[in-house]
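Architecture and fold: a report
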Amino acid sequence: MNQTARIPVLMYHRVGEAHNDWERKYCVSPQRFAQHMNSLHTQGWHAVTLQQFVHWLDGRIELPEGAFLLTFDDGFLGVHEHAAPVLRSLNWEATVFLVSNLIGKRDLWCEAHNPSGATYPLMDASHLRELQAQGFRLESHTRNHADLPTLDDATLVAELAGSRATLQDMLGTPIDYLAYPFGRFDERVLKAAQQAGYQAAFSTQPGFNRQDVDRFRLRRLDVFGTDTPAALLRKIRLGSNDGSLGQSLRYGAGRILARLGIQSA
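Please read all numbers here as calculations on a predicted model, not as lab measurements.

This paragraph deals with the nonpolar core. Residues Leu-10, Tyr-12, Phe-33, Met-37, Leu-40 and Phe-72 are the most contacted members of the largest nonpolar core, which totals 53 residues. At seven residues, the largest contribution of residues to this core is made by helix α4 (residues 77–90). In contact with Leu-40, not counting residues within four places along its chain, are Leu-10, Trp-45, Phe-68, Trp-92, Leu-232, Leu-233 and Ile-236. Counting 18 residues, the second largest nonpolar core, distinct from the first, contains Ile-7, Leu-69, Ala-179 and Val-213.

What follows is about unusual backbone geometry. We note that His-145 has phi near 60°; this positive angle belongs to a residue other than glycine. Within the element layout of this structure, His-145 appears in the loop between β7 (137–140) and α6 (153–171). We classify His-145 as buried; its relative accessible area is 6%. Even without glycine at this site, Phe-182 takes up a positive phi of about 60°. In this structure, Phe-182 sits in the loop between β8 (177–179) and α7 (187–195). In this structure Phe-182 comes out as partly exposed when scored by relative accessible area, which is 40%.

Evaluation of the coordinates by the stated rule reveals eleven salt bridges. The shortest N-O distance in the salt bridge between Arg-188 and Asp-153 comes to 2.6 Å. Residue Arg-188 is located in helix α7, and its partner Asp-153 is located in helix α6; the two are separated by 35 residues in the primary sequence. Here Arg-217 and Glu-187 are joined by a salt bridge, their closest N and O atoms 2.3 Å apart.

What follows covers the environment of Ser-29. Its location among the elements puts Ser-29 in the loop between β3 (27–28) and α2 (30–42). When near neighbours in sequence (up to four residues on either side) are disregarded, Ser-29 contacts Val-15, Gly-16 and Glu-17. Looking at Ser-29, its side chain comes within polar contact range of the main-chain nitrogen of Arg-32, at 3.0 Å.

The next subject is the pairing of strand β5 (residues 67–74). Of all eight residues making up β5, eight are buried, and the element is well covered by its neighbours. Bridge count between strand β4 (residues 46–48) and β5: three bridges; the pairing is parallel. What sits directly across from Ala-47, in β5, is Phe-68. As a crossover connection, the stretch from β4 through helix α3 (residues 50–57) into β5 is right-handed. Bridge count for β5 against strand β6 (residues 95–98) is four bridges, and the pairing is parallel.

Examined bridge by bridge, β6 and β7 share four bridges and lie parallel to one another. Its bridge partner lying in β7, Phe-97 is registered against Glu-139.

When the terminal C-alpha atoms of α6 are compared, their 27 Å separation across 19 residues agrees well with the 27 Å that a helix rising 1.5 Å per residue should span. Of all the residues in α6, the buried ones are Leu-156, Glu-159, Leu-160, Gly-162, Ser-163, Arg-164, Leu-167 and Leu-171. On its buried face, α6 is in contact with β6, α5 (125–134), β7, β8 and α7. Two residues or fewer after α6 comes Gly-172, characterised by a positive phi angle close to 70°.

In this fold, Thr-95 is placed in strand β6. Discounting residues that sit within four places of it in the chain, Thr-95 has contacts with Leu-50, Leu-69, Leu-70, Thr-71, Phe-72, Arg-137 and Glu-139.

Within the secondary structure, Trp-45 sits in the loop between α2 and β4. Each C-alpha atom, one on Trp-45 and one on Arg-60, is 21 Å from the other, the two residues being 15 residues apart in sequence.

Next up on the list: the packing of aromatic side chains. A full pass over the atoms with the stated rule returns eleven aromatic pairs. Seen from their ring centres, Phe-33 and Phe-72 are 5.9 Å apart, and the 50° between their planes marks the pair as tilted. Highlighted residues: Phe-33 in helix α2 and Phe-72 in strand β5, separated in sequence by 39 residues. For the pair formed by Phe-33 and Phe-72, the shared burial category is buried. Arranged with centres 6.4 Å apart and planes meeting at 25°, the rings of Phe-53 and Trp-56 form a pair that is stacked. One end of the pair is Phe-53 and the other is Trp-56, both in helix α3 and three residues apart, which spans about a single turn. For the residue pair Phe-53 and Trp-56, the accessibility class agrees, reading buried in each case.

Criteria and cut-off values
Residues numbered from 1 in each chain as written. Predicted model: local features only at pLDDT ≥ 70, side-chain atom pairs only at ≥ 80, totals over all residues. Heavy atoms only, no water. Core = buried A, V, L, I, M, F, W, Y, C linked by side-chain atoms within 4.5 Å. Buried < 20%, exposed > 50% of the residue type's maximum accessible area, 1.4 Å probe, protein only. Helix = DSSP H or I, 4+ residues; strand = E, 2+ residues; numbered from the N terminus. Contact = heavy atoms within 4.5 Å. Salt bridge = Lys/Arg side-chain N within 4 Å of Asp/Glu carboxyl O. Polar contact = N/O pair within 3.5 Å; in protein donor to acceptor, adjacent residues only side chain to side chain. Pairing = 2+ DSSP bridges. Right-handed = clockwise from strand over helix to strand, strands pointing away. Expected span 1.5 Å × (residues − 1). Phe/Tyr/Trp six-rings, centres within 6.5 Å; stacked < 30°, edge-to-face > 60°.

Structure follows, in structure tokens:
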């Protein structure tokens, strides 16, 4: 079996029904999520655990081609209601990044961004314990889903270290990994995350992860509610947020030209 030299990480947010165009970008319907997972499975992809991913990064294990890491940001209730049953049927696990001050509440940070002002429920502690029993890994998405580079030093420490401490107390497990809210970070945020005790952090920069990737700039691919299963397959094969057929054709043509020693325009 061929061993992989690169692993994509998929990033989902809410699994549920979208009610406007803004929501459709980051909200995947339950039916579409099931189609995504079944399509990946049919095409030979398989979700690995966060621990396996980290061990692979460190060169401690090998993973076969088709391995990917599945992540959810924010901790929406739909992960428990809709995504978990699909993953259970495939014997796949996932990682969820939680906003520690809003567990059991709603996505208040979206109120100012969603044109309708609507917010949606987040999982509570009982839902999280059920996911843990299914094998999900639960990690940090800060205390309040803050825009980290805009914070003063004291507030930044509170967002990072405070979330880690709260989640560890609640869940009874180590919290070692972080996803930057909005994908936003700078060198000061990166250093603060290290000092808070995180071992690695996930960005929203697209691309594949290879073993030489910066552990605090791990790459992820955005999955949109408008992505068909075919578009998702193109994204994960190309390591791109552009799952269009045109992008796939351009990528293929570039590979052919590269093999022929011809530089594309």
